[in-house]
Amino acid sequence: MTTLPAALTTVSAALPTALPAATAEGVVAATAASGVFELAWLLVALPLASAAVLLLAGRRTDRWGHWLGVLASAGSFLVGAVLLVTMLGAPAEQRVQDLHLFSWIPAGAFSLDAGLRLDPLSLTFVMLVTFVGTLIHVYSVAYMEHDHDRRRFFAYLNLFVAAMLLLVLADSYLLLFVGWEGVGLASYLLIGFWNHTLPNAVAAKKAFVANRVGDVGMIIAIGLLFATFGATDFETVFAAAGGASEGLLTATGLMLLLAATGKSAQFPLQSWLGDAMAGPTPVSALIHAATMVTAGVYLVVRSGPIYAGAPTALLVVAIIGAFTLLFGAIIGTAKDDIKKALAASTMSQIGYMMLAAGLGPIGYAFAIFHLVTHGFFKAGMFLGAGSVMHGMDDDVDMRRFGALSTAMKATWITFGLGWLAILGVPPFSGFWSKDKIIESAFATNGAEGWQPWVFGTVALLGAGITAFYMSRLFFMTFHGRRRWHDGHGAAPDPDAPVRHPHESPGLMVWPMWILAAGSVALGGALYFGGFEYWLEPVFGHTEHDDPVLPVPVLIALTLLLVAAGAFLAWRQYAAAPVAVVAPRGSVLTRAARRDLYQDDVNEALLMRPGQYLTRSLVYGDRQVVDGAATGLARVVAGSGELVRRVQTGFVRSYATTMVLGVIVLAAVVLAFRI
Amino acid sequence: MSASLALGGVAAGPLVTALAETGSTSTAEAVLFWVLAPVMVLAACGLLFSRRTVYAAMSVVVVMICLAILYVAQEAPFLGVVQVVVYTGAVMMLFLFVLMLVGVDASDSLVETIRGQRWLGALMGIGLAVVLVSVVLNAADLRPQGLAAANAETNPVGVARVIFGDFVFNLQAVGILLITAAVGAIVLTHRERITRKVGQRERAEARIAAGGRLTPLPAPGVYARSNAMDVPALGPDGRPLDISVPRVLRVRGQERSVTEVHLDTSAAAAATRHLEAADEGPGPVPGSGSTPPQRAITGEEPIR
Amino acid sequence: MNLVNYLVLSGVLFSIGAATVLLRRNAIIVFLGIEMMLNSANLAFVTFARLHGDLTGQVVAFFVMVVAAAEVVIGLAIIVAIYRTRRSASVDDVNLLKS
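Under the annotation held in an unreviewed UniProt entry, chain C carries the name NADH-quinone oxidoreductase subunit K and is attributed to Actinotalea ferrariae CF5-4. Recorded in UniProt under Catalytic activity (unreviewed entry), the annotation for chain C is "a quinone + NADH + 5 H(+)(in) = a quinol + NAD(+) + 4 H(+)(out)". UniProt lists a comment for chain C under the heading Subunit (unreviewed entry), and it reads "NDH-1 is composed of 14 different subunits. Subunits NuoA, H, J, K, L, M, N constitute the membrane sector of the complex."

An unreviewed UniProt entry lists chain B under the name NADH-quinone oxidoreductase subunit J, with Actinotalea ferrariae CF5-4 given as the organism. Per UniProt, chain B has the following entry under Subcellular location (unreviewed entry): "Cell membrane". What UniProt records for chain B under Function (unreviewed entry) is the sentence "NDH-1 shuttles electrons from NADH, via FMN and iron-sulfur (Fe-S) centers, to quinones in the respiratory chain. Couples the redox reaction to proton translocation (for every two electrons transferred, four hydrogen ions are translocated across the cytoplasmic membrane), and thus conserves the redox energy in a proton gradient."

Details of helix H20 (residues 506-529) of chain A
Residue and element names in this part refer to chain A. Along its length, H20 shows its largest kink, about 45 degrees, at Ala521. Of the positions making up H20, those classed as buried are Met508, Val509, Pro511, Met512, Leu515, Ala516, Gly518, Ser519, Leu522, Gly523, Gly524 and Tyr527. Residue Gly530 follows H20 closely and has a positive phi angle near 80 degrees.

Focus on the pairing of strand E2 (residues 97-107) of chain A
Residue and element names in this part refer to chain A. In terms of strand pairing, strand E1 (residues 31-32) meets E2 through two bridges, oriented parallel. Within E2, the position partnered with Thr31 by the bridge is Gln97. As defined by bridge partners, E2 adjoins strand E3 (residues 110-118) across nine bridges and the pair is classed as antiparallel. Among the inter-strand pairings, Asp98 is bridged to a residue of E3, identified as Arg117. Here E2 folds back onto E3, and the loop between the two strands holds two residues, one of which, Gly108, carries a positive phi near 60 degrees.

Focus: the nonpolar core
The nonpolar side chains of a soluble globular protein tend to be buried with one another. Core analysis: the largest hydrophobic core is formed by 189 residues, its most contacted members being Met164, Tyr173 and Ile368 of chain A. Of the residues forming this core, the biggest block, 17 residues, is contributed by helix H16 (residues 361-391) of chain A. With residues up to four places along the chain from it excluded, the contact list for Tyr173 of chain A reads Met218, Ile222, Leu225, Thr232, Phe234, Val237, Phe238, Leu256, Leu299, Ser303 and Ile306 of chain A. Judged by nonpolar contacts, the second largest core, of 88 residues, contains Ala76 and Phe78 of chain B together with Val66 and Ala68 of chain C.

Overview of the environment of Tyr298 of chain A
Residue and element names in this part refer to chain A. Within the secondary structure layout, Tyr298 lies in helix H12 (residues 295-302). Classification of Tyr298 as buried rests on a relative accessible area of 1%. For the pair Tyr298 and Met354, spaced 56 residues apart in the sequence, the C-alpha separation amounts to 9.6 Å. Setting aside residues no more than four positions away along its own chain, Tyr298 makes contact with Leu121, Phe125, Leu167, Val168 and Leu176.

So, the packing of aromatic side chains
All names here are of chain A. Counted according to the given criterion, the structure contains 35 aromatic pairs over all chains. Arranged with centres 5.5 Å apart and planes meeting at 35 degrees, the rings of Phe369 and Phe531 form a pair that is tilted. Pair noted here: Phe369 is in helix H16 and Phe531 is in helix H21 (residues 531-534), with a separation of 162 residues, a long-range link. Assigned by exposure class, Phe369 and Phe531 land together as buried. An aromatic cluster of at least three residues, connected via ring pairs, comprises Phe153, Phe154, Tyr156, Phe193 and Trp194. The ring of Phe208 is capped by Arg212, whose NZ or CZ atom sits 4.1 Å from the centre of that ring.

Structural notes on the UniProt feature "transmembrane region" (unreviewed entry) in chain C
What UniProt calls "transmembrane region" (unreviewed entry) maps, in this numbering, to residues 6-23, 28-48 and 60-83 of chain C. Span residues 60-83 of chain C is 100% helix and 0% strand, its end C-alpha atoms 33 Å apart.

Observations concerning the interface of chain B and chain C
Contact residues are listed per partner, giving 90 residues for chain B and 67 residues for chain C. Note on chain B versus chain C: buried area summed over both sides is about 7,000 Å², and carbon and sulfur give 75% of it. Inspection of the region where chain B meets chain C yields two salt bridges. Between Arg50 of chain C and Glu75 of chain B there is a salt bridge, with the nearest N and O atoms lying 2.8 Å from each other. Where chain B meets chain C, there are 18 residue pairs in polar contact (both at pLDDT 80 or more). For the side of chain B that touches chain C, the elements supplying multiple residues, two or more each, are helix H3 (27-49), helix H4 (53-73), helix H5 (77-102), helix H6 (117-139), helix H7 (155-165) and helix H8 (168-189) of chain B. For the side of chain B that touches chain C, the element with the most residues is H5 of chain B, which contributes 13 residues. Split into classes, the residues belonging to the side of chain B that touches chain C amount to 62 nonpolar, 20 polar and eight charged.

A few points about the interface of chain A and chain C
In this complex, chain A contributes ten residues to the contact, which on the side of chain C involves 13 residues. For the pair chain A and chain C, the summed buried area comes to about 1,000 Å², and 58% of that belongs to carbon and sulfur atoms. Summed over the shared surface of chain A and chain C, the result is zero salt bridges. Scanning the region where chain A abuts chain C turns up two residue pairs in polar contact (both at pLDDT 80 or more).

Re the side chain of Arg472 of chain A
Residues and elements named next belong to chain A. Residue position: Arg472 is located in helix H19 (residues 450-478). Overall, the relative accessible area of 2% leaves Arg472 in the buried class. In contact with Arg472, other than residues within four places in its own chain, are Gly332, Thr333, Ala334, Lys335, Asp336, Met398, Arg399, Ala569 and Tyr573.

Digging into helix H3 (residues 56-86) of chain C
If you check H3 of chain C, its first and last C-alpha atoms are 43 Å apart, about what 31 residues at 1.5 Å a residue would give, namely 45 Å. Directly after H3 of chain C, the chain includes Arg87 of chain C, whose backbone phi takes a positive value near 55 degrees.

Some remarks on the environment of Ala40 of chain A
Residues and elements named next belong to chain A. Relative to the helices and strands, Ala40 is located in the loop between E1 and helix H2 (41-57). Placed 40 residues apart in sequence, Ala40 and Gly80 show a C-alpha to C-alpha distance of 7.7 Å. Leave out the neighbours within four places in its chain, and Ala40 touches Leu83, Leu99, Leu116 and Leu118.

Let's talk about the sheet that holds E2 of chain A
Within a sheet, adjacent strands bond to each other through the backbone by hydrogen bonds, running parallel or antiparallel. Residues and elements named next belong to chain A. Strand order across the open sheet formed by three strands is E1-E2-E3, with mixed pairing between neighbours. Both edges of this open sheet fall to E1 and E3, since each of them pairs with a single strand only. Lying over the sheet, helix H6 (residues 173-191) contacts E2 and E3, oriented at roughly 95 degrees with respect to E2.

Quick notes on the rules
- Residues numbered from 1 in each chain as written.
- Chains lettered and ligands numbered in written order.
- Predicted model: local features only at pLDDT ≥ 70, side-chain atom pairs only at ≥ 80, totals over all residues.
- Heavy atoms only, no water.
- UniProt positions renumbered as here; feature names shortened; annotations may be inferred.
- Bend = angle between axes of the 7 residues up to and from the residue.
- Helix = DSSP H or I, 4+ residues; strand = E, 2+ residues; numbered from the N terminus.
- Buried < 20%, exposed > 50% of the residue type's maximum accessible area, 1.4 Å probe, protein only.
- Pairing = 2+ DSSP bridges.
- Core = buried A, V, L, I, M, F, W, Y, C linked by side-chain atoms within 4.5 Å.
- Contact = heavy atoms within 4.5 Å.
- Phe/Tyr/Trp six-rings, centres within 6.5 Å; stacked < 30°, edge-to-face > 60°.
- Lys NZ or Arg CZ within 6 Å of the ring centre and 35° of its normal.
- Buried area = accessible area lost by both parts, 1.4 Å probe.
- Salt bridge = Lys/Arg side-chain N within 4 Å of Asp/Glu carboxyl O.
- Polar contact = N/O pair within 3.5 Å; in protein donor to acceptor, adjacent residues only side chain to side chain.
- Nonpolar A, V, L, I, M, F, W, Y, C, P; charged D, E, K, R; others polar.
- Expected span 1.5 Å × (residues − 1).
- Axes fitted to C-alpha atoms, helices over the stretch in contact; angles between N-to-C directions.

In structure tokens form, the structure reads like this:
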């Protein structure tokens, strides 16, 4: 056990992998795309065209529209797979390619081309997005079967896939921003898909507004880059970033971080994610667990060269990640809503990724690694949750579940595999990625003494809490005593609702099986396949410092904490009876149920002052601005009222005035002898 | 026209003395002025104060004729003639026509509608007079040039040279103005026909359709000793036909009954009336006749 | 006699005409007052022509007469039109143009 990681490293190095390490320490420069890579535009075009057809053709496509959506997504996946295979066959020097699409903004001296950047990082995302996306498309065909607007749902899903692919493939910050806004739009549309009920519409609006706050950071960052380098494409910016001042890079890095916190639901812009669960469950699985919310991590990782010159900004990234990691985990322990508990878990897991990204180049690869594995097991668990809801009449309260393992076997098994993966139990996926992050957090990275200890401890603690809340979720849903009533015999609890749980149809179960397989094996496969080296053309090669504690000790500690957390959860939620109605709970529980008062803080710090500000502005507008206007009008009207008396309508009065004027004029002539 | 112009020139002749040399007018002109000026001011006051509109208009005519004389005296015989012909002759007559149209006796009411306007207007008038006269008196220290040179080819020729020389475009513009005014007057006084025109045929048809009497009304009574409009004729049945008396006399109650002109006839009429009275109940006593006219018929009574 | 006397007469007539406009209510008399003012102005023009030895003054007076003729036509037409609709020739009855 002690030598396991080291041995694995040796193995991976010794393997005649298809991924020879980049020869240079540095990053591989982009070359013009050629060959099959010239077809990369299909990645974005297919789902976009499908979305356009579904949205524009209207009800005529109701009968087959969903299959068109699935096909478009699958087509994108196929193109992506071909590109991946081609790239795997290419030497490391040719793995960063740039596909020029068209001249986008030719404005005088400034000219920006729209292009796609094809490198291991973007292709990783392409595979994640299209593979998980396609599975979720298939799942949605069954899940949304009885929805009147299924075609519209698929149009939005396609739109999301296109925008997300554009986001990860863009070769400039500006084009990335287009995709960034596109996924924001798709997210908004899908959260509010059932917008005929008010809370859904409000949740969509909340997500939209929170994302706009992040977008401001994005816009400022792009503006800073443009003002400094006169360009926004990655190639130019990254090449010039080394020569820029640290202050500027720090400012840019912090602004990019703000954008990332908005999109990735990190502190302090995380509050929208829980409410985003108002959308259909496949949306939660695809957008709010597997792909879109990881865009922030992508942004930070992609902007590595900028952060390389801004250690302060990088430290802030790590702190934000660590804080959100604990924050989300604590919220997760108290939520009774299965989807919201998973959302809190997502928040926490993305915190892990942010923490890893904040550790600098050594963490980038692990952040992406965890992102990929997390995309699989979290999407699988979300689909499982959707399956449970499907069987339980769309109930989401785990306190009314329990003992579903017998009724929904496939869901139970797939969910259980995902559960083991997120816990980090070897050899499931999560172990490989999360353990690496914990190790990196404990590594010194040439930083001051306190950082490894703090970040490492937080990551370690987070693993324990994760184990607790995920096990709580798992046990409350699938084990313990039944807290629903099947309509036969005596009810187990007077509050228990009548439910008839049943397994979901095949179209829903098969995607869950595939994702579960990924949860089991993907981590190990990628680890031994040399995922770390795969990304080297993008991040460059970095020597890993040794952790402050020996690696075996760390692994042991992690597993110990995970086991402890899972045991606690078992004792409390599987062995002991669970109340159907939530008990009042401790102060911390109540706080965690309310998202640690983040909404209240937001309301107190931002919303109320904002409302006071607008109210006072309105008051000022009414009293001062309007007052000035109406006052002026009143003065005019009043004087008009006075002058009105002169306007008698009698011709003779007017003639009198004229004669008076003549007299005055003549008198003036007389007086001054003009 | 030319004769009058020549007349004007002749009339002006002796009055025009060497103004340029003396800077003053001849005594004859002074006499003329001092005779005419009071007349003009009085006539103007007549316009201001007369209650009757026609008097006011005639006062203005007086002022204008006096002005024409003054023009002639001021070496402007052409203008003098134009003043008489155009202004007094045409414009003032137009005024009189409209005056008749509007109503000659439409005189002002004595009640002033605008409060204080009378005093204000008087004050303004006096103030204007004072100011204007002061201005004139202040500025009048001019050396008069006289028009002897300008009028060398006679005044109308001189005026024509100026009008058709320097002012030819103004003349054209004024011509356009006059045409516009004529059209404007037609438009302003035009009355839109909003109903269909009713002709003789329509009237006759309407009358027959109304079912009234189509024949002429019977003439009033013609008797041996009385032949008057106010006595009804007797019908074939010996009864008086009230309708034969003009409607106006009947409305005024100036109708006379047959009794008053011939007793025999009245007896016959009374007999007929008695028969009717028997049907209607107690009627008037036979022989007493109908009610006498309430007003005595005098010769002066106008019959309209 | 000084030519100023003519100007004084003109001023007096003008003032009387103006007073007529201000004081009388019959539209026709008001109009006559306006004609009086125009005529007094003409007298002043003719006098000025004589003062300056220039016939332009007389020509201007001539134009004043022509324009006055046009004005009389329109003015009287307006008076007739108003009289038709309102059965009144008083300028005080035409006071709708007020607030």
